[in-house]
Amino acid sequence: MERVVTMEVGDDGVALVTLNKPPVNSLDNSSPNSLMAQLKEMITEAHSRPDVKAIVIQGANGKFSGGADIGSLQSVKKEGQSTTYPHYIRGSSFFNHIIEEGPKPVVAAIDGFALGGGLELAMASNARVAVPKAQLGLPELTLGIIPGLGGTARLPRLVGLKMAIDMMLSSKPISSEDAKEAGLIDAVASPEELVPVARRWALDIVSGKHPWRRSLALTDRLGSKEESVGLINQARAMAKKSYRNVPHPFSMLDAVEEGITNGGHAGTLKEESISPLLVVSPTAKGLMHIFFAQRSVTDKGSKAHTVKKVAVIGGGLMGSGIATALILSGVKVYLKEINSEFLQAGIQRIEENLKGRVAKGGMTQAKLQKTLGLVKGILDYEDFNDVDIVIEAAVEDISLKQRIFADLEKYCKPTCLLASNTSTIDIGVIGANTKSQDRIIGAHFFSPAHVMPLLEIVRAEQTSSQAIQDLIGLAKVIRKVPIVVQSCVGFAVNRIFFPYFQAAGLLVDLGLHPYRIDAIIKDFGMPMGPFRQFLLADLSGIQIASATSKMYKEAYPERVYLSALSDLLLKDNRLGEKTQKGYYIYKGSRKEQPAPELEGYLAESRRIAGFIPDGKAITLTDEEIVEMIFYPVVNEASRALEENVVVRSSDLDIASVLGMGFPAYRGGVVFWGDSVGLEHIYSKLNQWSSQYGPFFKPSGPLQRAVHGKYQLAQIVGQSRAGSRL
C-alpha cells in the first residue's frame, strides 16, 4: 500500500502528520487506502499513543491541501448516481469527533494554500498557523458544489457570518495576513518557522497557555439568530441576481442557516446530506467539465521562446486593449500608428483602460504611471528589429494587411512571430505575399482585449508548431486562456455563433419581438440577448453586424439567413451605442431603453421577408425560442468539429463560455448539445427546416452522429475535408 500520510513523533511529544499526495495533497476519500483513510488512521493512532501530547498536520512540497480530489468527483457525475459519491470515511464523524473533539489538540501548519476541503481540515483543527501570503478559501461553488466537510458551519464561527458568506459566494481566497486579521488563523510564521511555531502552539494548548478552541462550539462571532437569518436572507436575494438557474449557492446558504439555527453539528450533517446530490447535478456536471476543459487547452509541445518586447500595429479599440493586456503583465510594447493624432489617441485609450483599474482599486496611481511607461509610441518600423512578436490590429482590409505583413518581413528579425488580430480574414491569405508563412499566425483577442480571457490562436496551413507554442507562451504571460484553431471564416467562436444571431433575426421576421427574445436568452444564462450582445448588435455596432453577416453569406451561402432588419437600421444611422440608438436607445448611458420607433423597422423587415403576409406572428413558448436560437449553434459546432477547426471538442466549450458568455454551468455548447440529446436536436432542426427553410437543415456530421449513436464530442478526427453539408 502506498503511504500518502506519514507520522513522526518528536522528542517534544508532538506527532507531525504529513500529507504527501502530489500535486496538491488532495483529500481523496474513495477507498480504504485513500488519503482520508490514512489520515484518520494516523490521527486515531496519535490520540491513542501515550507518548504523544499533541498533533500537527502539514502538507508536503510547500502545499497544505487543495481539497477534494476533483477527478473522483467527476467520475461520480459521469456515473450519474449520488450513491457512488466517494465517502469511504464519513467526513462529519472524522472531522467533528476525531480531529476537533479528540483528546489531544490538533494544529494545522499551512504552507502554500488551504483550499476547499484543505481549509475545512484546517478549520476542524484546534488552531492554525500559516506562512505569509498563503491562500485560504472555499471555492467549491465554482464547481457547482458546496463545502462538504463542515466549511459552512465552521467558517461563520471563525470569521463572522457576513464575511463567511461573502467568501463562499465569491469563491475567492484570502491571504494569510487577511485571514489572521479576520480570525481564521492564529499566527503567521516564515516557512522555516512554520512547523516549529505550530508545534509550540500545540504544546501551549496542552499547557493552557493558548485556549483549546473547537470551531463548532464558538458563538462569539455570531449575532442573534434573528440577525443571522436576516443576513442569510439578504444573501439569498443577492444570489438570485448573481446565480441564475443554479441550485448550489442556495443549498450552501441552507446549510449555513441550519448550522446557525440548530448548532454547528447539525450544520455539518445538513451539508453532508446535500453534497452528494449536488455532485451529480447538471450544474456540477457542466462546471466540472469546463474546469477540466480549461486545464487541457494548453499545448504540451515544444518550449516557447521568451518574449520581452511586442509591437502592436494600430491603436484603435482592439490595438489599445491588446497593448493594455501586455503592459499589465510587464511586457514592453511598441504601439505603431500611421500619424501622430491616431498615435496619441491610442496612448490615451491605454491610459483610460488603466485609469479604470485605478477607479476600481486594482491599481495605484504610481503603478499606473510605471505601467504606462512600458508603452512607446512610434510612427515607423525602425524599432521593429528587436521585437519578439508583432500583433497587427489594423482595420479589416485584406490588401492593407498584406502590405503590412510584407513590410514586417523586411524590418523584423527572422525569429519574430508575425501575428494578426483579424476576426474574419483567412490567415493564409494575409501572409500570401510573404516568404515567412511558417511564422504567420492569428492572435484573435476578444473585446475588450484587456478584460476578456480568451485568445484564439489561429493556425494556417504552413504555420509552424514553434509559432503556435510561442503564442501559447505569450498567452500564459498575459493570463489569457488559449485555444488553437484552424483558419476558417469566423475561426471558432464567431464561426459557431453566427447562426445564433441569424436565428434571432429569423424569429423577428416570423413575428417575435427582439426584446422578448433578448429577455428569454438572458434568462437562459447569456450575459445579454442577441440584439444587445457584442458582435452583431448594439454593443459593438450594427455596422459591424451587417459586414460580418455578408461575409458568412459568401462563405456558407446554403445555410445563412440575413434579415433585412440590421440593414434598415444601418440605413438610418442607427449604429447602436455608437450613435445612442439601434435596436434600443441610449440616453447618455450604456443602459439600454426600449425604442418605440423600432416597431416600424420590424414591420418593414417582416414585409421584406414575407413569412407572415397576414401579419400574424407565430406562437412560440420560451423553451422553443431557446431551442430555435441555440440548436443552429450546436448544428454549426458539429461542422466545425468534423473539420477539425479545434484540437478537441472541449475547446469549443471553452470558446463558447469565455468568448461568447455561454453559461459555464451548462458546460459549453458541445457539452450542452450532448446533454440535451442529439436525436432531439436533429428532429427539431428537421422540422424547422421543412417549415422555414435551409437555415435549419441538420448538418451531415450531426446526422451521422445521430445515426451512429455517438456524441458531438466524438466527432473530432472524423474529418471529411471539403464537406459543406
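One numbering rule holds for all chains: residues counted from 1, following each sequence as written. Per-residue local features of the predicted model are confined to residues with pLDDT of at least 70, and side-chain atom pairs are confined, for both listing and counting, to 80 or more; whole-chain, interface and lining totals are unaffected and use all residues. Only heavy atoms go into the side-chain values, all of them from the structure, while hydrogens and water stay out.

(A) Representation of the layout of surface pockets. Considering only enclosed or pocket space, the second largest pocket measures out at about 910 Å³ in volume. Only protein atoms enter the 1 Å grid used here. Points where a 1.4 Å probe fits but cannot escape make up a cavity, open sets with protein on both sides within 12 Å along at least five of seven lines make up a pocket, and a residue lines them when an atom lies within 4 Å of a point. In this structure, the second largest pocket is lined by 43 residues; those nearest its centre are Gly67, Ala68, Asp69, Ile70 and Leu73. Note on residue classes: Ala, Val, Leu, Ile, Met, Phe, Trp, Tyr, Cys and Pro are nonpolar, Asp, Glu, Lys and Arg are charged, and everything else, Gly too, is polar. Residue composition of the lining of the second largest pocket, grouped by class: 22 nonpolar, 14 polar and seven charged. Grid points are joined across faces, edges and corners, and a volume is the space filled by probe spheres set on the points.

(B) Molecular detail of the sheet that holds strand β2 (residues 14-19). Here we have six strands laid out as an open sheet, ordered β1-β2-β3-β4-β6-β9, and mixed in their pairing. Among the strands making up the open sheet, the edge pair consists of β1 (5-9) and β9 (187-188). Relative to strand β4 (residues 106-110), strand β3 (residues 54-59) is paired through four bridges, and the arrangement is parallel. Among the inter-strand pairings, valine 56 is bridged to a residue of β4, identified as valine 107. Strands were regarded as paired on the criterion that DSSP finds at least two bridges between them. The secondary structure listing takes helices from DSSP runs of H or I that are at least 4 residues long and strands from runs of E that are at least 2 residues long, numbered from the N terminus.

(C) Just the UniProt feature "domain: 3-hydroxyacyl-CoA dehydrogenase NAD binding" (unreviewed entry) in the protein, in detail. The UniProt record marks residues 309-487 with the feature "domain: 3-hydroxyacyl-CoA dehydrogenase NAD binding" (unreviewed entry), using the residue numbering of this structure. Secondary structure content for residues 309-487 is 40% helix and 22% strand, while the C-alpha to C-alpha distance between its ends is 26 Å. UniProt positions are given in the numbering used here, feature names are shortened, and annotations may be inferred rather than shown by experiment.

(D) Examining the environment of glycine 428 more closely. Within the fold, glycine 428 resides in helix α17 (residues 427-430). Relative accessible area decides the class of each residue, using a 1.4 Å probe on protein chains only: under 20% of the type maximum gives buried, over 50% gives exposed, and in between gives partly exposed. A residue is classified by how much of its surface remains accessible, and glycine 428, at 28% relative accessible area, is partly exposed. It is 23 Å that separates the C-alpha atoms of glycine 428 and alanine 637, two residues lying 209 residues apart in sequence.

(E) View of the environment of methionine 363. Turning to its location among the elements, methionine 363 is positioned in the loop between α14 (340-359) and α15 (365-372). Note on methionine 363: relative accessible area 9%, which makes it buried. Setting aside anything within four residues of it in sequence, one finds methionine 363 in contact with Leu328, Leu354, Arg357, Val358, Leu368 and Thr371. Contact definition: two residues touch when any of their heavy atoms are within 4.5 Å.

(F) Quick peek at the pairing of strand β17 (residues 481-486). Along β17, five of the six residues are buried, which leaves the element largely enclosed by surrounding structure. Summarising the sheet, strand β16 (residues 454-459) and β17 pair through six bridges and their orientation is parallel. What sits directly across from valine 458, in β17, is valine 485. Think of it like this: strands point away, you trace from the first strand over the helix to the second, and a clockwise trace means the crossover is right-handed. Each parallel crossover has a hand, and the one from β16 via helix α18 (residues 465-477) to β17 is right-handed.

(G) Quick look at the packing of aromatic side chains. For Phe, Tyr and Trp, where Trp contributes only its six-membered ring, two rings pair if their centres lie within 6.5 Å, and the inter-plane angle classes them as stacked under 30 degrees, edge-to-face over 60, or tilted in between. All chains considered together, the criterion is met by 24 aromatic pairs. Their ring planes at 80 degrees and their centres at 4.8 Å tell us that tyrosine 500 and phenylalanine 501 sit as a pair that is edge-to-face. Tyrosine 500 sits in the buried class, given a relative accessible area of 0%. Taken together, the aromatic side chains of Phe497, Tyr500, Phe501, Phe524, Phe630, Tyr631, Phe662, Trp672, Trp688, Tyr692, Phe695 and Phe696 make up a single cluster linked through ring pairs. When the NZ atom of lysine or the CZ atom of arginine is within 6 Å of a ring's centre and also within 35 degrees of its normal, the charge is said to sit over that ring. One residue, lysine 336, lies across the ring of tyrosine 381, its end atom 4.8 Å from the ring centre. One cation-aromatic arrangement involves arginine 666 over phenylalanine 524; the distance from NZ or CZ to the ring centre is 4.0 Å.

(H) Expanded view of empty space enclosed by the protein. For the coordinates displayed, the defined rule picks out two cavities of 30 Å³ or more. What the second largest cavity holds in volume is close to 30 Å³. Considering the residues around the second largest cavity, the lining is formed by Phe498, Pro499, Arg559, Pro632, Asn635, Glu636, Arg639 and Phe695. Of all elements in the fold, only α19 (493-509) and α24 (622-642) reach the threshold of two or more residues within the lining of the second largest cavity. Considering each element in turn, the lining of the second largest cavity owes the most residues, four residues, to α24. A breakdown of the residues in the lining of the second largest cavity according to their chemical character gives four nonpolar, one polar and three charged.

(I) Representation of the state of the cysteines. Note on terminology: pairs of cysteine sulfur atoms within 2.5 Å are recorded as disulfides. One pass over the full model with this rule turns up zero disulfides. Looking at cysteine 416, it has no disulfide partner, and the nearest cysteine sulfur is the one in cysteine 412, 4.1 Å off. With a relative accessible area of 0%, cysteine 416 lands in the buried category.

(J) Examining unusual backbone geometry more closely. With an omega dihedral of 5 degrees, the bond running from proline 22 to proline 23 counts as a cis peptide bond. Of note, proline 23 is situated in the loop between β2 and α1 (35-48). That bond from serine 447 to proline 448 is cis: its omega, -5 degrees, falls within 30 degrees of zero. Mapped onto the elements of the fold, proline 448 is located in the loop between β15 (440-445) and β16. Positive phi outside glycine occurs at asparagine 573, with the angle close to 60 degrees. Judged by relative accessible area, which is 43%, asparagine 573 ranks as partly exposed. With a phi close to 65 degrees, glutamine 580 is a non-glycine residue in the positive phi region. Residue class for glutamine 580 comes out partly exposed when judged on its relative accessible area of 31%.

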